[in-house]
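These are the residues of each chain, in order.
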Amino acid sequence: MLTEIVTDEQLIDLYTTPGYLVAVDYPKKEVKLHTVDCMLADPISSVGVKPSKARENKTGEFWFSESRDESNSKAEKIAKKNGYTYTICPICNR
Ligand SMILES: [Zn+2]
């Protein structure tokens with residue numbers, strides 16, 4: 001099941017749950033697929049995504065699913081609809 005992530009806390013709580021994060025960056029016109037334990041998907045890390053801030057500034061959206069297929073199709077759908085680039089994170093890709 002897909003869950004929209006709207007706060008950093010929500011994502012932090014999912015850290016130990018095996019699953020995937022679809023990170024949409026509006027300014028960069030980019031959709032990225034991460035595993036939730038990727039450092040780039042960790043709001044605590046300085047390089048990680050910040051869902052609370054992105055929502056506040058309307059600069060992005062985030063989706064979580066335990067299924068890679070489901071995450072992948074959500075990411076592809078958003079990318080296609082908006083003409084964004086879709087990439088699978090090279091750091092956590094597995
Ligand atoms: Zn990643």
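Residues numbered from 1 in each chain as written. Predicted model: local features only at pLDDT ≥ 70, side-chain atom pairs only at ≥ 80, totals over all residues. Heavy atoms only, no water.

A. Here's a closer look at the environment of K29. With respect to the helices and strands, K29 occurs in the loop between strand 2 (20–25) and strand 3 (30–35). Along the sequence, K29 and Y86 sit 57 residues apart, while their C-alpha atoms lie 8.9 Å from each other. If sequence neighbours within four positions are ignored, K29 has contacts with Y84 and T85. (Helix = DSSP H or I, 4+ residues; strand = E, 2+ residues; numbered from the N terminus. Contact = heavy atoms within 4.5 Å.)

B. Representation of unusual backbone geometry. Phi angles above zero are rare outside glycine, and K29 is one such case at about 50°. Its relative accessible area of 49% is what places K29 among the partly exposed residues. Notably, K58 is not glycine yet its phi reads approximately 55°, a positive angle. Considering the arrangement of structural elements, one finds K58 in the loop between helix 2 (51–57) and strand 4 (60–65). Under the relative-accessibility criterion, K58 is labelled exposed at 67%. (Buried < 20%, exposed > 50% of the residue type's maximum accessible area, 1.4 Å probe, protein only.)

C. Molecular detail of the coordination of the zinc ion. Taken together, H34 (ND1), C38 (SG), C89 (SG) and C92 (SG) make up the protein donors of the zinc ion, found 2.1 to 2.3 Å from the metal. Coordination geometry of the zinc ion: the 4 donor atoms subtend angles of 97 to 121° at the metal centre, consistent with an arrangement described as tetrahedral. (Donors = N, O, S within 2.8 Å, 3.2 Å for Na, K, Ca; no water. Tetrahedral: all angles 85-135°; square planar, octahedral: opposite > 155°, others 65-115°.)

D. Broad picture of the pattern of salt bridges. Per the stated rule, a full pass over the model turns up 1 salt bridge. Of the charged contacts, one joins E4 and R55 as a salt bridge, the two residues approaching to 3.9 Å between their closest N and O atoms. One end of the pair, E4, is in strand 1 (residues 3–5); the other, R55, is in helix 2, with 51 residues separating them in the sequence. Its relative accessible area of 31% is what places E4 among the partly exposed residues. (Salt bridge = Lys/Arg side-chain N within 4 Å of Asp/Glu carboxyl O.)

E. Looking closely at the sheet that holds strand 2. Read across the open sheet, the 5 strands follow the order 1-4-2-3-5; overall the sheet is mixed. Because the sheet does not close on itself, it has two edges, and the strands there are strand 1 and strand 5 (85–88). Recorded for the sheet is a direction-independent mean angle of 25° between the axes of neighbouring strands. Direction of pairing for strand 2 relative to strand 4: antiparallel, over a ladder of 6 bridges. Pairing of Y20 across the sheet is with S65, part of strand 4. (Pairing = 2+ DSSP bridges. Axes fitted to C-alpha atoms, helices over the stretch in contact; angles between N-to-C directions.)

F. View of a nonpolar patch on the surface. There is a patch of nonpolar side chains on the surface, built from M39, V47 and I91 and spanning about 290 Å² of accessible area. Tracing the sequence through the fold places M39 in the loop between strand 3 and helix 2. (Patch = residues over 30% accessible without salt bridge, like charges linked within 9 Å, V, L, I, M, F, W, Y side chains within 5 Å. Areas by Shrake-Rupley, 256 points an atom, 1.4 Å probe, with all protein chains shown as cover.)

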